[in-house]
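For reference, the chains in residue letters:
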Amino acid sequence: QVQLVESGGGLVQAGGSLRLSCAASGRSLSGYAMGWFRQAPGKEREFLAAISGIGGGTYYADSVKGRFTISRDNAKNTVYLEMSSLKPEDTAVYYCAADASRDEIEIREAEYAYWGQGTQVTVSS
């Protein structure tokens, strides 16, 4: 079983930055694809970024490309999401997820077997 715990959320002004962390326990995630998603009030959960297991390839949604950076430290079993140039529309609960079935990048929410509890990010204007 894999447990994921996000941290680093909070309140930030528009234009500011935050770094989210997702710490995993229960199993090494070094061979798994990892992803970040978010859900704003009244909206469906949205894919943001994904990173492959060993190779570290990345993929981003157009809405965050150039502003967000996903990375991982397999030695620490942790995935990060660096967010910059934040906008009020980035306000949401942010979730990390692990795809235990593949190493390659995955953007489909349904393919992720393990999810964290989420961390709130609020961007004020």
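Keep in mind that what you see is a predicted model, and the values were worked out from it rather than measured. (Residues numbered from 1 in each chain as written. Predicted model: local features only at pLDDT ≥ 70, side-chain atom pairs only at ≥ 80, totals over all residues. Heavy atoms only, no water.)

Chemist: Got a minute to help me understand the overall build of the protein in this structure?
Modeler: From N to C terminus, the protein includes zero helices and 11 strands. Along the protein, helices and strands appear, N-terminal first, in the series β-β-β-β-β-β-β-β-β-β-β. The C-alpha atoms of the protein give a radius of gyration of 13 Å, which matches the 14 Å a tight globule of 125 residues would have. Principal-axis analysis of the C-alpha atoms gives the protein an extent of 40 × 25 × 25 Å. When contacts within the protein are restricted to residue pairs at least 6 apart in sequence, those whose partners lie at least 24 apart make up 59%. In the form shown here, the protein has an accessible surface area of approximately 6000 Å², with 48% of it arising from carbon and sulfur atoms. (Helix = DSSP H or I, 4+ residues; strand = E, 2+ residues; numbered from the N terminus. Rg over C-alpha atoms; globule rule 2.2 N^0.38 Å. Contact = heavy atoms within 4.5 Å. Areas by Shrake-Rupley, 256 points an atom, 1.4 Å probe, with all protein chains shown as cover.)

Chemist: I'm lost on a nonpolar patch on the surface in this one. Help?
Modeler: Among the surface-exposed residues, Y59, I105 and I107 lie close enough to one another that they form a single nonpolar patch of about 250 Å² accessible area. You can see I105 is positioned in the loop between β9 (92–99) and β10 (114–115). (Patch = residues over 30% accessible without salt bridge, like charges linked within 9 Å, V, L, I, M, F, W, Y side chains within 5 Å. Salt bridge = Lys/Arg side-chain N within 4 Å of Asp/Glu carboxyl O.)

Chemist: Would you take a moment to explain unusual backbone geometry for this structure?
Modeler: Trans peptide bonds make up most of the peptide bonds, and negative phi angles are found at most residues other than glycine. Of note, N77 is a non-glycine position whose phi angle comes to about 55°, a positive value. With relative accessibility at 13%, the residue N77 sits in the buried group. (Buried < 20%, exposed > 50% of the residue type's maximum accessible area, 1.4 Å probe, protein only.)

Chemist: Where do I start with the packing of aromatic side chains in this structure?
Modeler: How two aromatic rings sit relative to each other is given by the distance of their centres and the angle of their planes. As enumerated under the stated definition, the model contains five aromatic pairs in all. Between F37 and Y112 the ring centres are 5.3 Å apart and the planes differ by 80°, which places this aromatic pair in the edge-to-face class. One end of the pair, F37, is in strand β4 (residues 33–39); the other, Y112, is in the loop between β9 and β10, and 75 residues separate them in sequence. Since its relative accessible area comes to 1%, F37 is described here as buried. An angle of 65° between the planes, with centres 6.2 Å apart, marks the rings of Y112 and W115 as edge-to-face. Relative accessible area serves as the criterion here: at 24%, W115 is assigned to the partly exposed category. Ring pairs connect the aromatic residues F37, F47, Y59, Y112 and W115, which therefore count as one cluster. The ring of Y95 carries the charged tip of R45 above its face, separated from the ring centre by 5.0 Å. When the ring centre of W115 is taken as reference, the NZ or CZ atom of R45 above it lies at 3.8 Å. (Phe/Tyr/Trp six-rings, centres within 6.5 Å; stacked < 30°, edge-to-face > 60°. Lys NZ or Arg CZ within 6 Å of the ring centre and 35° of its normal.)

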